[in-house]
Structure formats: structure tokens, C-alpha cells
Amino acid sequence: MTIMKSARRLLGGLAVAAAALLPLLGSGTAEAAPASGSSDMALSTITRVISGPDADGKDQVALSSGQTIKLPATAVAQAQRLSGGSTTPGGVTTQNTVSGTCGSSYIYLYERSDGTPVRMVTGFNLSGGRRAISYGWGAEIIGPSGSGYQYEYGASGSLAFRTSWQGSHNSGKAYARGDYFAYVFSDSYALLDNGSICTSEEPSQETFL
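Note that the structure is a prediction, hence the values are computed from the model and not measured. (Residues numbered from 1 in each chain as written. Predicted model: local features only at pLDDT ≥ 70, side-chain atom pairs only at ≥ 80, totals over all residues. Heavy atoms only, no water.)

## Here's the deal with the environment of Ile 69
In plain terms, the rule: For helices the rule is a DSSP run of H or I covering at least 4 residues; for strands it is a run of E covering at least 2, with both sets numbered from the N terminus onward. The criterion used for residue contact is that any of the two residues' heavy atoms lie within 4.5 Å.
Mapping Ile 69 onto the fold places it in strand β3 (residues 68–72). Distance in space between the C-alpha atoms of Ile 69 and Ile 46 is 9.9 Å, their sequence separation being 23 residues. Not counting the four nearest positions on each side in its chain, Ile 69 is found in contact with Asp 59, Gln 60, Val 61 and Leu 63.

Encoded structure:
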């Protein structure tokens, strides 16, 4: 009897020890380790703005990964500012959109609808509930060396308490591919309904088309 009791006590002690070890050992089911180098998201940069902004305020852009996607125009401008621009063909090296104390102004260069250079879109968006009653806007587009392309854009008129305005220009014919540069004149402005004047912060773009 004494031997049997000792054996039972020994077995009971072993059972308690095993129970204490179970949390440390886990369930015994092995979890698969992530595959080396695998990723759910791919890193890439914007190499070219193809078109935009569309009715939803999105630009169609080409990525260094080879993809073509649509992104909000504000996100595109922010990405370009943060990346410091690109020195690769098609890369933007200047600030398309510049913000100030009363709003933001922008300028973009694209291919025309037939896929040839050059199309420009420019304008402004007022902030803080400001409204414009008139505007005067100027910009210049300069083509690659030897192309003979240089165009000065101008627009003005009345605005019925608008918070934004956009204008555009398409070249009369197809021009040579190369590096195009465009910028908004510093004296471009929007006259507000309270008599204040909101001036452009001189956005610009240089891109390969």
C-alpha cells in the first residue's frame, strides 16, 4: 500500500508539472513563417502625370513599377513635393501646386488627346470660404531646345462668387518630344468679394512629354 501511494503521488506530481509546462510549449501546432522578402504592398514612385484632374479631381499617373493608376491631384502634388522631384525622363522636378494663405494655385503639363505634346492646365482653389468675383491669370510654356515652341497664356474675366477657377491650353499642332517647362506668372490673381486680392505663389512644372 505504501508503495502504491508513493507511485500515485509521483504520477500526480508529474501531471501537475506537465500542466504547468503546457502554456510554455504552446498547442503544438506550428505557424508558417512569412516567406522571405514577401510583401503585400509594392514601393514605387510617380514617373509621369498622364492626364487630369478628371471630374473626381484625380490624375492618371504612371508609376516606376509600370502601373498606371488614378490618384487625387492633391496626393500627386504632395508626393512630388516630398520626393523632391525626379531626374528620370517624365519625372516632375518642380512644384505643380503651391499653397499660400488664401488658397492654392497649380499648373500641369500633359500630352494632348492624340498623345503628342503639349497641353497645359492651370488655375486656383480658394480656401477658408473665400470667393472670387474676378481674376487675371498668366502662364508661359517653353518647349525643348530646337522645338521652336514657346507660348504665353493669358486669361481674365468675372467670376460669380466662385471658390475656384481652371483654364487650359492645347498647342495648335504636335510638337517634338522632350523636356517642357511651364510656370504661372507671379502677378496672377483672384479678386475676392471683400476687396482682398489673392495672388499666385508661382507653381511650375518641368516634365518630359
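Further notes follow.
## Structural notes on the state of the cysteines
To keep it simple, the criterion reads: Defined by distance alone, a disulfide is two cysteine sulfur atoms within 2.5 Å.
Inspection of the entire model under this criterion finds one disulfide. Note on cysteine connectivity: Cys 102 is disulfide-linked to Cys 198, with sulfurs 1.9 Å apart. Across the disulfide from Cys 102 to Cys 198, rotation about the S-S bond amounts to roughly 85°, and the bridge is consequently right-handed. One end of the pair, Cys 102, is in the loop between β4 (97–99) and β5 (103–111); the other, Cys 198, is in strand β12 (residues 197–199), with 96 residues separating them in the sequence.

## Re the confidence of the model for the protein
Interpreting fine coordinate detail is not advised for predicted regions of low pLDDT. Defined as follows: Values of pLDDT, ranging from 0 to 100, describe the predictor's confidence in every residue of the model.
Mean pLDDT over the protein stands at 76; residues scoring 70 or higher make up 68%. Counting interchain partners and residues more than four positions distant, the pLDDT-below-50 stretch residues 1–7 has zero contacts. Contacts from residues 85–93, a stretch scored under 50 in pLDDT, to residues over four places away or in other chains number 19 contacts.

## Structural notes on the pattern of salt bridges
Under the convention used in this document: By salt bridge we mean one thing: a side-chain nitrogen of Lys or Arg within 4 Å of a carboxyl oxygen of Asp or Glu. Each residue's exposure class comes from its accessible area (1.4 Å probe, protein chains only) as a fraction of the maximum for that residue type: buried when under 20%, exposed when over 50%, partly exposed otherwise.
Considering all chains together, one arrives at three salt bridges under this definition. Note that Glu 111 and Arg 177 form a salt bridge whose closest N and O atoms lie 3.1 Å from each other. Here Arg 177 lies in the loop between β9 (164–170) and β10 (179–184) and Glu 111 lies in strand β5, a separation of 66 residues in the sequence. Between Arg 112 and Asp 114 there is a salt bridge, with its nearest N and O atoms 2.9 Å apart. We classify Arg 112 as buried; its relative accessible area is 16%.

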